[in-house]
Amino acid sequence: MERTFAREVEMLRRGDGEYFEGEGILAITKALLQSGVSYVGGYQGAPVSHLMDVLTSDSKGLMAELGVHTEVCANEAAACAMLAASVNYPIRGAVTWKSTVGTNVASDALSNVASAGVIGGSLIVLGEDYGEGSSIIQERSHAFAMKCSVWLVDPRVNHPRVVELVEKSFELSEASNTPVMMEFRIRACHVTGRFATKNNKKPKFSMNDPIPEPEYNLDRIALPPSTYLQEKMKVEQRFPAAIQFIQENGMNEFFDGDCDDVGIICQGGLYNAVIRGLQQLGLADPFGKTRIPIYCMNVTYPMIPDEIKRFCANKRSVCIVEEGFPDYLEQALNATLRKADLNTTVVGKDVFPKAGEYQSEVMMNGLAKFIEGAVPKGIDLGPVATATKSVADTKAFAAELLGAPIPKRPPGFCTGCPERPVFSALKLVQQDPEIGKMHVSADIGCHTFSTLPPFNIGNTVTGYGLGLASSAGVKDSLKGHTISIMGDGGFWHNGLSTGITGAVFNEHDNLLIVMANGYSSATGQQQLPSSTAGGLRPADTVVPIENALKGVGVKWVKKQYTYKVGKMRKLIKQALTSSEKGLKVIIAEAECQIAKQRREKPVSTRLLKSGKRIVRTRFGVDEDTCTGDHSCIRLSGCPSLSVKPNPDPLRKDPVASVLNSCVGCGLCGEVSDAAVLCPSFYKAEIIQNPRLIDRIAHKIRTSVILKFLGKTETSEFNDEEASRIGTKMAAE
């Protein structure tokens, strides 16, 4: 995982009269336990990965005490299907996944659970990955809530309020017999806060107190004719019950202001940004006291007509702050007001952008346009215009100082990433006249970075584990080779069933490369069925990828250690030119370097402190040999490869240089060898806590080097330079 949660896990035990301090997603975790959940499941994905990490790994002891069943699900569909327990029995459950991409996968199960309805409270915690920090397609979860008739909570980012709304959401679910979706944006998940805790609640039915006997009710099966009755119940019973509960329990919030002829209606998750925008305009203070009244919709679906009418009744104009498009809330707001015969002007996407995250400047400018157009009573528009002009002038001044736009900084592979060598090999394969350019069906995961410079490899990305399936339509319609990429995370998520089984069944004759780095790496190194590193799982529970492939009928399966670029290039060419028909799979195997470093560095630190000998590998570039061509950088893209001024006054081109961030993976040398580049890379071993024999050997080597160079011990020639030249000589 990305970090340890030992401190937070201990705080999960806190009860009445105590306090919890930590990240938002961990506050949600505590709220689940205070709500008496019987089961929790989910599929890891930013920004809600921490919830699964804590519940299923770090706090197993506490979960066992409370009788809470926790499970890392194979994918989001499996997670949502867990809610079936609450369809038949009065037990509370929560599941979690990442935003719209996760809900896409879960939508079949979600539709069926939503149709049948639930007896026990059911909460879906969504990581709403939208905006500048997002790693996915830009869509909103609101459409799923409307489609399935499940309620969507978008809480104001305030730890006490979030915890209260989690507890109320379970009650809302039970009062309306409907699952509740609760979305948390990236900042909401990671903001730090404090709240008063309650005692954890042991569920009535759990692993420790089982349900006495199974229940059967045909009306809860999503099959005609029951589905017709279920649809009527959604509209005639569940929807009104939800509106009544939300209103009676004050789930939405009203904030008064003295300029009450206008108002602002916002999604709960955007409330803090609205207050910050008003503060910048001089219309609010940092503690939330505002001059413009605000209606904060912590529940964005369903909209509560009576609350809307009450807030807008005496207002000339209201501004609806709704991120993303379509403008679901703005349309519903207009419809509600017109049906109530209220002529309040609604301002929304005409002052705010239709797409993109409402960051601080966007929010300030949008609110300023609304205020300047509405002209609220008692507000001097001069300071408002001054505030927006000041920000614009500051940006213009910064741009002038820079002299050019700030360059984009796209994501990239980590130093030593085991997936980078595969793409170096692919670039080299494409230079082979027998192969040429190829269509590469990419996939979701760290390896998606191959679509960016310096590799620019990857023509399509259609979803997690869909790299092979996405090649089906193009493989026979394109002259040249078509290959597919898939990570081991995507393989187990749905790639095995969706892509590989289908390819075998349809007798596809193309190549799939599975990046087996041992973890679901992009979300924090969670374990997979095939994970073996670190001895974290019993050997008899590990399912090798090659076994799964052979089990569904793949006959051509080869494994290759990724850092051997030359061998990987030959294997890829062999697969592409083979006369053997059928799907061919290369398992490109090497552990995620970040996970490896996190595991090994603490061990090395302990050994160093105890005085034990440690040897680590580093690579370097001989400045005298480097030609300044920099093909090594273009073919590997390693962040540790840089350039520095040429020491030779007669040569102008900068030479390649290896930075101290090098982890010794050896890719730079492998690429140079496989591509037949200049032999300027050398390998060195750095010995810490050297033994006596190491010191003697170093002294002898230094003396021999000095002798060959015609130097003496007293000449101006240091050991570091001698070691560099000696290493170079040894490599040659």
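See the structure above.
Computed from a predicted structure; not experimentally measured.

> So what's going on with the sheet that holds strand β10 (residues 262-267)? Residues and values would help.
One open sheet accounts for five strands, arranged β9-β11-β10-β13-β14; its pairing is mixed. Unpaired on one side and paired on the other, β9 (253-255) and β14 (345-347) mark the two borders of the sheet. Strand-to-strand twist across the sheet, computed as the mean angle between neighbouring axes with direction ignored, equals 20 degrees. The pairing of β10 with strand β11 (residues 294-297) spans four bridges and is parallel. Bridging from a neighbouring strand, Cys266 pairs with Cys296 of β11.

> Requested: an account of empty space enclosed by the protein, with residues and values cited.
All told, the structure shown has three cavities of 30 Å³ or more when counted by the stated rule. Along the wall of the largest cavity there are 13 residues; nearest its centre are Cys638, Ser640, Cys662, Cys665 and Cys668. When the residues that make up the lining of the largest cavity are grouped by side-chain class, the tally is nine nonpolar, four polar and no charged. The calculated volume of the second largest cavity comes to roughly 70 Å³. In this structure, the second largest cavity is lined by Glu128, Tyr130, Arg140, Ser141, His142, Leu152, Glu183, Arg185, Gln267, Thr300 and Glu323. Of the residues that constitute the lining of the second largest cavity, the class distribution is two nonpolar, four polar and five charged.

> Could you give me a rundown of a nonpolar patch on the surface, with the residues and numbers involved?
On the surface, Leu692, Ile696, Ile700, Val704 and Phe708 cluster together into a nonpolar patch covering about 540 Å² of accessible area. If you trace the backbone, Ile696 turns up in helix α24 (residues 692-708). You can call Ile696 partly exposed: its relative accessible area is 45%.

> So, the sheet that holds strand β16 (residues 481-487): which residues are in play, and what are the values?
Spatial strand order, β15-β16-β17-β19-β18: five strands in an open sheet with parallel pairing. With one partner strand each, in any of the chains shown, β15 (438-441) and β18 (556-561) form the two edges of the open sheet. Put simply, the sheet's adjacent strands are angled 20 degrees from each other on average, direction ignored. With four bridges connecting them, β15 and β16 associate as parallel partners. Residue pairing across strands places Ser441 opposite Ser484, the latter belonging to β16. Against the sheet, helix α18 (residues 488-505) makes contact with β16 and β17 (511-516), and its axis sits at roughly 130 degrees relative to β16, the strand it touches most.

> Explain the pattern of salt bridges to me, and be specific about the residues and the numbers.
Under the counting rule described, the total for this entry stands at 30 salt bridges. Notably, a salt bridge pairs Asp261 with Arg316, separated by 2.7 Å at the nearest N-O pair. Here Arg316 lies in the loop between α13 (305-312) and β13 (317-321) and Asp261 lies in the loop between β9 and β10, a separation of 55 residues in the sequence. According to the relative accessible area criterion, Asp261 is buried, its value standing at 10%. For Arg316, a relative accessible area of 40% puts it in the partly exposed group. Ionic pairing is found between Asp694 and Arg613, a salt bridge with its closest N-O pair at 2.7 Å. Of the two residues, Asp694 sits in helix α24 while Arg613 sits in the loop between α21 (593-609) and β20 (614-621), which places them 81 residues apart along the sequence. Classification of Asp694 by relative accessible area gives buried; the value is 11%.

> Tell me about helix α17 (residues 420-430), residues and numbers included.
Counting buried positions along α17 gives nine out of 11 residues, so the element sits mostly inside the fold. Burial in α17 covers these residues: Arg420, Pro421, Val422, Phe423, Ser424, Ala425, Leu426, Leu428 and Val429.

> So what about the environment of Glu434? Which residues, and what values?
Relative to the helices and strands, Glu434 resides in the loop between α17 and β15. Along the backbone, Glu434 and Arg13 are 421 residues apart, and their C-alpha atoms lie at a distance of 64 Å. Here Lys573 takes part through its side chain, which lies 3.4 Å from a polar atom of the side chain of Glu434.

> Can you explain the packing of aromatic side chains? Please cite residues and give values.
Within this structure, the stated rule accounts for 16 aromatic pairs. Aromatic pair Phe352 and Tyr358: ring centres 5.0 Å apart, planes at 25 degrees, arrangement stacked. Pair check on accessibility: Phe352 and Tyr358 agree, each one buried. These aromatic residues form a ring-pair network of at least three members: Phe413, Phe423, Phe449 and Phe455. Across the ring face of Tyr19, the terminal group of Arg194 is positioned such that the distance to the ring centre comes to 3.9 Å. Its end group placed over the ring of Phe254, Arg310 keeps NZ or CZ at 4.4 Å from the ring centre.

Scoring rules and cut-offs
- Residues numbered from 1 in each chain as written.
- Predicted model: local features only at pLDDT ≥ 70, side-chain atom pairs only at ≥ 80, totals over all residues.
- Heavy atoms only, no water.
- Pairing = 2+ DSSP bridges.
- Helix = DSSP H or I, 4+ residues; strand = E, 2+ residues; numbered from the N terminus.
- Axes fitted to C-alpha atoms, helices over the stretch in contact; angles between N-to-C directions.
- 1 Å grid on protein atoms, 1.4 Å probe; cavity = no way out; pocket = protein on both sides within 12 Å on 5 of 7 lines; lining within 4 Å.
- Points joined across faces, edges and corners; volume = space filled by probe spheres on them.
- Nonpolar A, V, L, I, M, F, W, Y, C, P; charged D, E, K, R; others polar.
- Patch = residues over 30% accessible without salt bridge, like charges linked within 9 Å, V, L, I, M, F, W, Y side chains within 5 Å.
- Areas by Shrake-Rupley, 256 points an atom, 1.4 Å probe, with all protein chains shown as cover.
- Salt bridge = Lys/Arg side-chain N within 4 Å of Asp/Glu carboxyl O.
- Buried < 20%, exposed > 50% of the residue type's maximum accessible area, 1.4 Å probe, protein only.
- Contact = heavy atoms within 4.5 Å.
- Polar contact = N/O pair within 3.5 Å; in protein donor to acceptor, adjacent residues only side chain to side chain.
- Phe/Tyr/Trp six-rings, centres within 6.5 Å; stacked < 30°, edge-to-face > 60°.
- Lys NZ or Arg CZ within 6 Å of the ring centre and 35° of its normal.

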